[in-house]
Amino acid sequence: MNVKPLRALSRRQALLLSAGTAASLVAPAVLAQGPSAGSTSGAATAASAPAGSYPERSVKIVVPFAPGAGTDAMARLIAQKLGETLNATFVVDNRAGASGAIGTQYVAQSPADGYTLLLVASPFTTVAASLPSANYDPLRQFTPVGMIASGPLVWAANTKLPASNMKELVTLAKQKPGALNYGSAGSGGVNHLVLELLKARTGTFITHIPYRGVAPATMDMIGGQIQLITGTIPALLPFIKNGSIKPLAVTSAKRSSALPDVPSMTEAGLAGIDVVNYFALMAPTGTPPAIVNTLNAAINKVVAQPDVLARFKADAVEAAPGSPALLGHFIEADYRAWRNVVKTQNLKIE
């Protein structure tokens, strides 16, 4: 697998964002012009200060979700590898609840000394964009440290659904407004907002049914209670392979090597609806730039290691090394894009 650095948004994607169009970003991608005025997401580019012998004690990586989830598994891999790279102890601290908001708020209020970090995934931006009760600001309360990896979701359907691709799904949804039921991992998450993005771009109405995770939604789809879901490829791949569900498209601009026969959204005629799940490391705002840079350099080394790349491939994600500033641009672009989706769809989520 090639390790590709963060790259600038295409002109098309930048125009979509500037026009307020509901469109997510293909990670690893960032706004070419950088964060907007007043944003602190680029705090890591401030004047450098000596990192000394950091880290001098254990570093805590907070995961705002329960043990066993994909974010937790990624955090444990990165904690182990960062510990080996920096000759220090990195421990994972799970603080689940409120769609990730509890753990995220905890880190936002922690000392900005480099010893409490946050492992974030897509809910970091989607929940902040859609849930007023989240009560944290991803741009002003956090300093970006480094992107780790990213990968697409996959649209999947009940095998009896009379649609074998996204074009046929859109046609069916227009013929039967509200008749199709879509299950998500919860309101405000990326699995929910990708549906709202599709609806906004295609003028369709598909009924959203929130679940407590992708697993129960998958079981109900197999049983016929709902017809559609999206999920990470590792979560749905076993059911795709045994024929329990059928894939319609991956939510990226290009195909996934894990599902080489499944078309991308661009191939499905839905260019611009490019959504990925990302993993990154954030720190409280005010964390010394030298410490941020030390961590960033270590992350970039870790994600280039052959065993890490092999693990990423098995999990259907790609390494995404890059600078703290570029991660800050990406976080801002993703957050603002999802805010546009919430506004366009007039979503009221509590």
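What counts and how
- Residues numbered from 1 in each chain as written.
- Predicted model: local features only at pLDDT ≥ 70, side-chain atom pairs only at ≥ 80, totals over all residues.
- Heavy atoms only, no water.
- Phe/Tyr/Trp six-rings, centres within 6.5 Å; stacked < 30°, edge-to-face > 60°.
- Helix = DSSP H or I, 4+ residues; strand = E, 2+ residues; numbered from the N terminus.
- Buried < 20%, exposed > 50% of the residue type's maximum accessible area, 1.4 Å probe, protein only.
- Axes fitted to C-alpha atoms, helices over the stretch in contact; angles between N-to-C directions.
- Left-handed = near helix turned anticlockwise from the far one by under 90°.
- Contact = heavy atoms within 4.5 Å.
- Nonpolar A, V, L, I, M, F, W, Y, C, P; charged D, E, K, R; others polar.
- pLDDT = per-residue confidence, 0-100.
- Arc of directions from axis to C-beta.
- Core = buried A, V, L, I, M, F, W, Y, C linked by side-chain atoms within 4.5 Å.

1. As for the packing of aromatic side chains
The full count for this structure, using the stated rule, is six aromatic pairs. Both rings, one in Trp 155 and one in Tyr 182, keep their centres 5.4 Å apart while their planes meet at 50°; by these two values the pair is tilted. Taken as a pair, Trp 155 in strand 6 (residues 142–158) and Tyr 182 in strand 7 (residues 181–184) lie far apart in primary sequence, 27 residues in all. Take Tyr 182: its relative accessible area is 0%, and that puts it in the buried class. When the centroid spacing of 5.0 Å and the interplanar angle of 85° are considered together, the rings of Tyr 278 and Phe 330 count as edge-to-face. One end of the pair, Tyr 278, is in strand 11 (residues 276–284); the other, Phe 330, is in helix 11 (residues 324–344), with 52 residues separating them in the sequence.

2. Considerations on the environment of Phe 142
Summarising the element assignment, Phe 142 is placed in strand 6. The buried category is assigned to Phe 142, whose relative accessible area is 0%. Taking the C-alpha atoms as reference points, Phe 142 and Met 282, 140 residues apart in sequence, are found 6.3 Å from one another.

3. Here's the deal with unusual backbone geometry
Backbone geometry follows two general trends: most residues other than glycine have a negative phi, and most peptide bonds adopt the trans configuration. For the bond running from Tyr 54 to Pro 55, omega is -5°, close enough to zero to count as cis. The topology assignment puts Pro 55 in the loop between strand 2 (29–30) and strand 3 (59–63). Residue Ser 99 is not a glycine yet carries a positive backbone phi of 55°. Looking at the secondary structure, you find Ser 99 in the loop between strand 4 (90–94) and helix 3 (101–108). For Asn 135, which is not glycine, the phi torsion reads 60° and is therefore positive. Along the chain, the position of Asn 135 falls in the loop between helix 4 (123–130) and strand 6. Overall, Asn 135 belongs to the exposed group, its relative accessible area being 59%.

4. Quick word on the packing of helix 6 (residues 190–202) against helix 11
Where helix 6 contacts helix 11, the two axes come as close as 10 Å, and the packing angle between them is 60°. Our pair here, helix 6 against helix 11, has a crossing hand that is left-handed. The residues of helix 11 that touch helix 6, namely those facing Val 190, Leu 193, Val 194, Glu 196, Leu 197 and Ala 200, are Trp 338, Val 341 and Thr 344. Of the residues contributing to the contact of helix 6 with helix 11, the split by class is seven nonpolar, one polar and one charged.

5. Side note on the confidence of the model for the protein
Overall, the predicted model of the protein reaches an average pLDDT of 86, with 85% of residues at or above 70. Segment residues 1–50 is flagged for pLDDT under 50; beyond a separation of four residues in sequence, or across chains, it makes 131 contacts in the model.

6. Focus: helix 3
Regarding helix 3, the residues found buried are Ala 101, Gly 103, Thr 104, Val 107 and Ala 108. Along the axis of helix 3, the buried residues cluster in a sector spanning 165°; they form a single face. The inward-facing, buried residues of helix 3 contact strand 3, strand 5 (116–120), helix 4, strand 6 and strand 11.

7. Notes on the side chain of Glu 196
For Glu 196, the location among the structural elements is in helix 6. On the accessibility criterion, Glu 196 (4% relative accessible area) is buried. Non-local contacts of Glu 196, meaning those with residues more than four positions away in its chain, are made with Val 341, Gln 345 and Leu 347.

8. Brief notes about the nonpolar core
Ranked by internal contacts, the top residues of the largest apolar core, which has 55 residues, are Phe 124, Trp 155, Met 166, Leu 169 and Leu 228. When residues in this core are grouped by element, the largest group, seven residues, is from helix 11. Not counting chain neighbours up to four residues away, the residues in contact with Phe 124 comprise Thr 104, Leu 118, Tyr 136, Pro 138, Phe 142, Tyr 278, Met 282 and Ile 331. Core analysis: the next-biggest nonpolar cluster, separate from the first, contains 33 residues, Ile 61, Leu 82, Ala 121 and Leu 281 among them.

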